[in-house]
Amino acid sequence: MDTRVDEIADGIYRFSTHIAEVAPPAGFTFNQFLVMGDEPLLFHCGMRGLFPSVSAAMAKVMPVERLRWISFGHVEADECGAMNHWLAAAPGAEVMHGMTACLVSLNDLADRLPRPLQDNDVVDIGGKRIRYIDTPHVPHGWEAGVLYEETTKTLLCGDLFSHVGGGKAATESDILEPAIAAEEMFEASSLTPAMGRTIHRLANLGPTTLGVMHGASYRGDGAAALHSLADYYDARRNRLAA
Ligand SMILES: [Fe+2]
Ligand SMILES: [Fe+2]
């Protein structure tokens, strides 16, 4: 198994493992993001089976024991399967997540108690500023949330914009069409009445980089891409409800 390392924004590293057996023939990537700062933060843990490869990738950037914060979009194996492996490998690390994730799952699942965050809390990790945003049920999971790194305008948007295939670490091409194709293949999103509104709120942050969990990251007008994605989901929900 091979995990590649790319710096997608200043001090933000993407670890990416392409798994050909998931969504063949294109395959599917599983990506984690390391935000470097005095207190480095990892967004997404990967599945337990990926831990040897992803931790070796991190070791190319910094010693794994330096990791201070662990977070992820929601409670699924690709987001947090290896959470306790990371907690064991980095004795000073803590999980941080929204209230719902902590109360419903992580206070029990995590080997050390997590730090609960309120919607819009900002955590200064020394050189980078991490804003936590609650996105309940978007794209799925009651406890769902995303992180926005303010100094680089990077939205770590989790499963939003998921698309199949390997290839480039980052693209400036349209990512909406591949994301729509993946949504219509997997039907992974909850399509709640709040979905469009929640994604428009992310757009209003004005991100210029989108760290996508499955697929290439995006550089460009992230706000426009998110507004378009929100409109697509609202239209899809209305179409399916009709
Ligand atoms: Fe997910
Ligand atoms: Fe995911």
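Note that the structure is predicted; figures quoted are calculated from it, not measured. (Residues numbered from 1 in each chain as written. Chains lettered and ligands numbered in written order. Predicted model: local features only at pLDDT ≥ 70, side-chain atom pairs only at ≥ 80, totals over all residues. Heavy atoms only, no water.)

Colleague: Account for the packing of helix H5 (residues 176–186) against helix H7 (residues 222–241), naming residues and giving values.
Modeller: Contact geometry for H5 and H7: axes closest at 11 Å, N-to-C directions at 30 degrees. Between H5 and H7, the crossing angle belongs to the class labelled roughly parallel. Considering how the two elements wind past one another, H5 and H7 form a crossing that is right-handed. Facing H5, whose interface residues are Leu-176, Ile-180, Glu-183 and Glu-184, H7 presents Ser-228, Leu-229, Tyr-232, Tyr-233, Arg-236 and Arg-239. Here the residues of the contact of H5 with H7 sort into 5 nonpolar, 1 polar and 4 charged. (Axes fitted to C-alpha atoms, helices over the stretch in contact; angles between N-to-C directions. Helix = DSSP H or I, 4+ residues; strand = E, 2+ residues; numbered from the N terminus. Parallel < 35°, antiparallel > 145°, perpendicular 65-115°, else oblique. Left-handed = near helix turned anticlockwise from the far one by under 90°. Contact = heavy atoms within 4.5 Å. Nonpolar A, V, L, I, M, F, W, Y, C, P; charged D, E, K, R; others polar.)

Colleague: Provide a residue-level description of the coordination of the iron ion (ligand 1), including the pertinent values.
Modeller: In this structure, His-74 (NE2), Glu-76 (OE), His-140 (NE2) and Asp-159 (OD) serve as the protein donors to the iron ion (ligand 1), at separations of 2.0 to 2.2 Å. One can describe the donor arrangement at the iron ion (ligand 1) as irregular, given that its 4 donor atoms subtend angles of 88 to 165 degrees at the metal. Each donor residue of the iron ion (ligand 1) lies on the same chain, and together they follow the pattern H-x1-E-x63-H-x18-D. Between the iron ion (ligand 1) and the iron ion (ligand 2), a separation of 3.7 Å is found, and both are coordinated by Asp-159. (Donors = N, O, S within 2.8 Å, 3.2 Å for Na, K, Ca; no water. Tetrahedral: all angles 85-135°; square planar, octahedral: opposite > 155°, others 65-115°.)

Colleague: Give me the packing of aromatic side chains: which residues, what numbers.
Modeller: Evaluated as defined, the whole model comprises 4 aromatic pairs. Arranged with centres 4.8 Å apart and planes meeting at 80 degrees, the rings of Phe-51 and Trp-86 form a pair that is edge-to-face. One end of the pair, Phe-51, is in helix H1 (residues 51–59); the other, Trp-86, is in helix H3 (residues 83–89), and 35 residues separate them in sequence. For the pair shown, Phe-51 and Trp-86 are each scored as buried. Among the aromatic residues, those joined into a ring-pair cluster are Phe-28, Phe-30 and Phe-186. One cation-aromatic arrangement involves Arg-68 over Trp-69; the distance from NZ or CZ to the ring centre is 4.1 Å. (Phe/Tyr/Trp six-rings, centres within 6.5 Å; stacked < 30°, edge-to-face > 60°. Buried < 20%, exposed > 50% of the residue type's maximum accessible area, 1.4 Å probe, protein only. Lys NZ or Arg CZ within 6 Å of the ring centre and 35° of its normal.)

No statement about biological role is implied by the geometric values presented.
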